[in-house]
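Observations on the three-dimensional arrangement
Now for the letters of each chain:
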Amino acid sequence: MPRKLPVLSDMVPGEGSLGRDGTRRSPYPADLSGRFVRARQIVWIVLLAIWLVLPWIQIGGHPAVFLDVAERRFYLFGATFNAQDAWLLFFCLTGMGFLLVVATALLGRVWCGWACPQTVFLEALFRPIERFINGARNVALRRKEHGPESERVWRAIATQGANFIVALLVAHVFLAYFVSAPRALTMMHAGPSAHPEAFVWLVAMTVLLYGNFAFFREQLCVVICPYGRLQSVLLDDDSLVVGYDEKRGEPRTRGKKQAEGAGDCVDCLRCVVVCPTAIDIRQGLQLDCIACTACIDACDDVMDKLGRPRGLVRYDSLRGLRGEKRRILRPRLFIYAILSVVGVTAAIFAFRGRTSFEANILRLPEAPYSVRDGNVYNGFRLHLVNKEGRRQSFVIHPPVMEGFTFVMPVKEIELDPLAGRFVPFFVSADEKAFSGDKPFVLHITSDGKERDVRAVFLGPHR
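The notes below deal with the structure included here. These figures come from a predicted structure and were not determined experimentally.

Regarding unusual backbone geometry
A cis geometry characterises the amide bond from Glu-250 onward to Pro-251, with omega recorded as -10 degrees. Its identity as a non-glycine residue notwithstanding, Arg-217 has a phi of 45 degrees, on the positive side. As for its placement among the helices and strands, Arg-217 is situated in the loop between helix 8 (196-216) and helix 9 (219-224). The residue Leu-269 is not glycine, and still its phi comes out positive at about 65 degrees. Tracing the backbone through its elements, the reader meets Leu-269 in the loop between helix 11 (246-249) and helix 12 (270-273). For Leu-269, a relative accessible area of 23% puts it in the partly exposed group.

Quick look at the structure:
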């Protein structure tokens, strides 16, 4: 007989989406409302709006965020970078990582529950589609197990079709970040054959997004993402987490009437059925918990109906949940503050050291020098790169050196934004007066900015 696929109703309450036998069990969170749900929805709308409009906003004649990988040009909020600035990514990536570490020490997994793209896209776009087509949790699960086969089939097809369309639209927006929004629209009208590389990238991105948000979902957080597994070192007893007040809630009793000595928890499992990873928050801090606050709203709603105080499940530190006072200032935060100052200082010096243009002297191929008619000749190429998002003029000043002649056909050039050019030049010296390799410096100016480029004149050694 074929093996029966597990559904949420087969799960032990609070066991999580990954069963003890290794089987994945897809959660279907129940609908709920509450202060944190509304707050998160506002945050998601703002984040999605920013994500949608950034490719269209023009700053300095370019999109606010435009990562032109094909031309190795990158525009970020008015600043212009090229491939030679790739080393600055080190400061950006390590800075974001360090900020996440500090935020976790203070606020727990607030990133996961409120701003992570996995959470935002899943809960704001894909999950509502599933609920709209299949209905509320209890109705959907009952239909899945006992409903007519034909109805289950058309609802499944409609759900996956809608998921694929949304994944396709999301992929098109991501494409706009790499080709610009106007060009993305042009590509869409031209068809796949006119831009095969972009089309292949779009198909791959759509399949990846569809597979993730239609099927994989919470497993990305539980199985793949390393952030949740680092909780044990990123959190301490004073970090803000979503937790259950065990002292107040235990022992649990069912029913509206509270027996003498009983806790406030009525074991309704409402906190479990609203959880997107199907865990039981009452079992303590867990890797699967993304601090989405759904269990807080669910428990507060139950407490309101029972006429009991809110906060049985709440934002608090582990120390606070034990009835102790939470410490805001603690040793690790002082260490983080010192590291922040060091990192910010290094980043400031790094970005200030970035020049508006690059200049390098390259030797012409073949022989490093030649001797003709009693003179030693060296051939060079000056490589100039304009790293600004505007057109720049450059003036090349060859040095004045006794016994050396500089032949430079072009001394003033203009370069388009992020364009580069090779300027050939030759240096000669009297063979009889040549006494050894001689360094020289070209002085280059552009809009009040100066740069010296060094090279060495080579010749025969006596």
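Here the narrative resumes.
Side note on a nonpolar patch on the surface
Residues Leu-52, Val-53, Ile-57, Ile-59, Leu-76 and Phe-77 make up a contiguous nonpolar surface patch of roughly 490 Å² in combined accessible area. Considering the arrangement of structural elements, one finds Phe-77 in the loop between strand 4 (73-76) and strand 5 (79-82). Note on Phe-77: relative accessible area 54%, which makes it exposed.

Some remarks on the side chain of Asp-85
By the element assignment, Asp-85 lies in the loop between strand 5 and helix 2 (89-107). Owing to a relative accessible area of 4%, Asp-85 belongs among the buried residues under this scheme. A distance of 3.1 Å separates a polar atom in the side chain of Asp-85 from a polar atom in the side chain of Arg-354. What Asp-85 contacts, discounting residues up to four positions off in sequence, is Thr-80, Arg-354 and Lys-387.

A look at the packing of aromatic side chains
This model, assessed by the stated rule, comprises 20 aromatic pairs. Arranged with centres 5.7 Å apart and planes meeting at 15 degrees, the rings of Phe-66 and Tyr-75 form a pair that is stacked. Given a relative accessible area of 6%, Tyr-75 falls into the buried group. Aromatic ring contacts, followed pair by pair, group Trp-51, Phe-121, Phe-126, Phe-174 and Phe-213 into a single cluster.

A few points about empty space enclosed by the protein
In total, this model carries 4 cavities of 30 Å³ or more according to the counting rule given. Lining the largest cavity are 13 residues; nearest its centre among them are Cys-265, Cys-268, Cys-271, Cys-299 and Leu-312. If you list the elements that add at least two residues to the lining of the largest cavity, you get helix 12 and helix 13 (294-306). Among the elements that line the lining of the largest cavity, the one with the most residues is helix 13, at 3 residues. Contributing to the lining of the second largest cavity are Cys-271, Cys-275, Pro-276, Thr-277, Ile-279, Ile-281, Cys-289, Ile-290, Ala-291, Cys-292, Thr-293 and Cys-295. Tallied by class, the residues present in the lining of the second largest cavity amount to 10 nonpolar, 2 polar and no charged.

So, how was this worked out
- Residues numbered from 1 in each chain as written.
- Predicted model: local features only at pLDDT ≥ 70, side-chain atom pairs only at ≥ 80, totals over all residues.
- Heavy atoms only, no water.
- Helix = DSSP H or I, 4+ residues; strand = E, 2+ residues; numbered from the N terminus.
- Buried < 20%, exposed > 50% of the residue type's maximum accessible area, 1.4 Å probe, protein only.
- Patch = residues over 30% accessible without salt bridge, like charges linked within 9 Å, V, L, I, M, F, W, Y side chains within 5 Å.
- Areas by Shrake-Rupley, 256 points an atom, 1.4 Å probe, with all protein chains shown as cover.
- Salt bridge = Lys/Arg side-chain N within 4 Å of Asp/Glu carboxyl O.
- Polar contact = N/O pair within 3.5 Å; in protein donor to acceptor, adjacent residues only side chain to side chain.
- Contact = heavy atoms within 4.5 Å.
- Phe/Tyr/Trp six-rings, centres within 6.5 Å; stacked < 30°, edge-to-face > 60°.
- 1 Å grid on protein atoms, 1.4 Å probe; cavity = no way out; pocket = protein on both sides within 12 Å on 5 of 7 lines; lining within 4 Å.
- Points joined across faces, edges and corners; volume = space filled by probe spheres on them.
- Nonpolar A, V, L, I, M, F, W, Y, C, P; charged D, E, K, R; others polar.

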